[in-house]
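Understanding the architecture of this molecule
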Amino acid sequence: MEKDKTDQINKNTTLTQRLFIERENLCPLCSEQLSIRIKSYEENFTIAEEAYCESCELVTRTKDHKFN
Ligand SMILES: [Zn+2]
(Lines give C-alpha, C1' and ligand atoms only; values in the text may rest on other atoms or scores of the structure.)
Protein backbone atom coordinates (compact mmCIF):
# COMPACT_ATOMS: atom_id res chain seq x y z
CA MET A 1 0.00 0.00 0.00
CA GLU A 2 2.63 2.50 1.07
CA LYS A 3 4.82 1.56 -1.86
CA ASP A 4 1.98 2.14 -4.34
CA LYS A 5 1.48 5.60 -2.91
CA THR A 6 5.14 6.45 -3.36
CA ASP A 7 5.10 5.19 -6.94
CA GLN A 8 2.09 7.38 -7.69
CA ILE A 9 3.83 10.47 -6.33
CA ASN A 10 6.92 9.69 -8.39
CA LYS A 11 4.83 9.37 -11.54
CA ASN A 12 3.13 12.69 -10.93
CA THR A 13 6.44 14.43 -10.36
CA THR A 14 7.86 13.01 -13.56
CA LEU A 15 4.84 14.16 -15.54
CA THR A 16 5.03 17.67 -14.12
CA GLN A 17 8.71 17.89 -14.94
CA ARG A 18 8.11 16.63 -18.47
CA LEU A 19 5.37 19.18 -19.12
CA PHE A 20 7.63 21.93 -17.81
CA ILE A 21 10.46 20.82 -20.07
CA GLU A 22 8.19 20.63 -23.12
CA ARG A 23 6.89 24.13 -22.51
CA GLU A 24 10.42 25.44 -22.08
CA ASN A 25 11.60 23.82 -25.28
CA LEU A 26 9.62 25.74 -27.87
CA CYS A 27 11.42 28.29 -30.00
CA PRO A 28 10.31 31.83 -29.04
CA LEU A 29 10.62 32.94 -32.67
CA CYS A 30 8.91 30.21 -34.66
CA SER A 31 7.43 27.89 -31.98
CA GLU A 32 9.24 24.88 -33.38
CA GLN A 33 10.35 22.20 -30.97
CA LEU A 34 13.87 22.94 -29.79
CA SER A 35 16.60 20.35 -29.84
CA ILE A 36 18.84 19.79 -26.87
CA ARG A 37 22.54 19.51 -27.40
CA ILE A 38 24.77 18.22 -24.63
CA LYS A 39 28.48 18.82 -24.61
CA SER A 40 30.68 17.43 -21.93
CA TYR A 41 34.01 18.79 -20.88
CA GLU A 42 35.61 15.98 -18.99
CA GLU A 43 38.71 17.98 -18.22
CA ASN A 44 36.83 20.34 -15.89
CA PHE A 45 33.87 18.09 -15.00
CA THR A 46 31.27 20.25 -16.69
CA ILE A 47 28.32 19.40 -18.91
CA ALA A 48 26.97 22.20 -21.08
CA GLU A 49 23.36 21.95 -22.21
CA GLU A 50 22.15 24.00 -25.17
CA ALA A 51 18.64 24.32 -26.50
CA TYR A 52 18.57 25.34 -30.13
CA CYS A 53 16.08 25.68 -32.95
CA GLU A 54 16.79 23.74 -36.12
CA SER A 55 14.74 26.03 -38.37
CA CYS A 56 16.19 29.39 -37.35
CA GLU A 57 19.37 28.17 -35.62
CA LEU A 58 18.62 30.19 -32.54
CA VAL A 59 20.35 29.02 -29.38
CA THR A 60 17.99 29.99 -26.59
CA ARG A 61 19.93 28.93 -23.55
CA THR A 62 22.99 27.21 -22.31
CA LYS A 63 23.38 25.67 -18.94
CA ASP A 64 26.52 24.43 -17.32
CA HIS A 65 26.38 21.57 -14.88
CA LYS A 66 29.25 20.66 -12.65
CA PHE A 67 29.34 16.98 -11.86
CA ASN A 68 32.42 16.56 -9.71
ZN1 LIG B 1 12.96 28.87 -34.44
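The model shown is predicted, which means the values in this text are computed figures rather than measured ones. (Residues numbered from 1 in each chain as written. Predicted model: local features only at pLDDT ≥ 70, side-chain atom pairs only at ≥ 80, totals over all residues.)

Quick notes on the confidence of the model for the protein chain
Counting all residues, the mean pLDDT for the protein chain is 79, and 75% of those residues have values of 70 or more. Across the protein chain, the element-wise mean pLDDT spans from 66 in helix α1 (residues 2-24) up to 88 in strand β2 (residues 46-52). (pLDDT = per-residue confidence, 0-100. Helix = DSSP H or I, 4+ residues; strand = E, 2+ residues; numbered from the N terminus.)

Looking at the pairing of β2
Relative to β2, strand β1 (residues 35-41) is paired through 7 bridges, and the arrangement is antiparallel. If you follow Ile36 over to β2, its bridge partner there is Ala51. Linking two consecutive strands that pair antiparallel, namely β1 and β2, is a turn of 4 residues; a positive phi of about 55° is found at Phe45 within it. Note that β2 and strand β3 (residues 59-66) share 7 bridges and pair antiparallel. Paired with Ala51 across the bridge in β3 is Arg61. (Pairing = 2+ DSSP bridges.)

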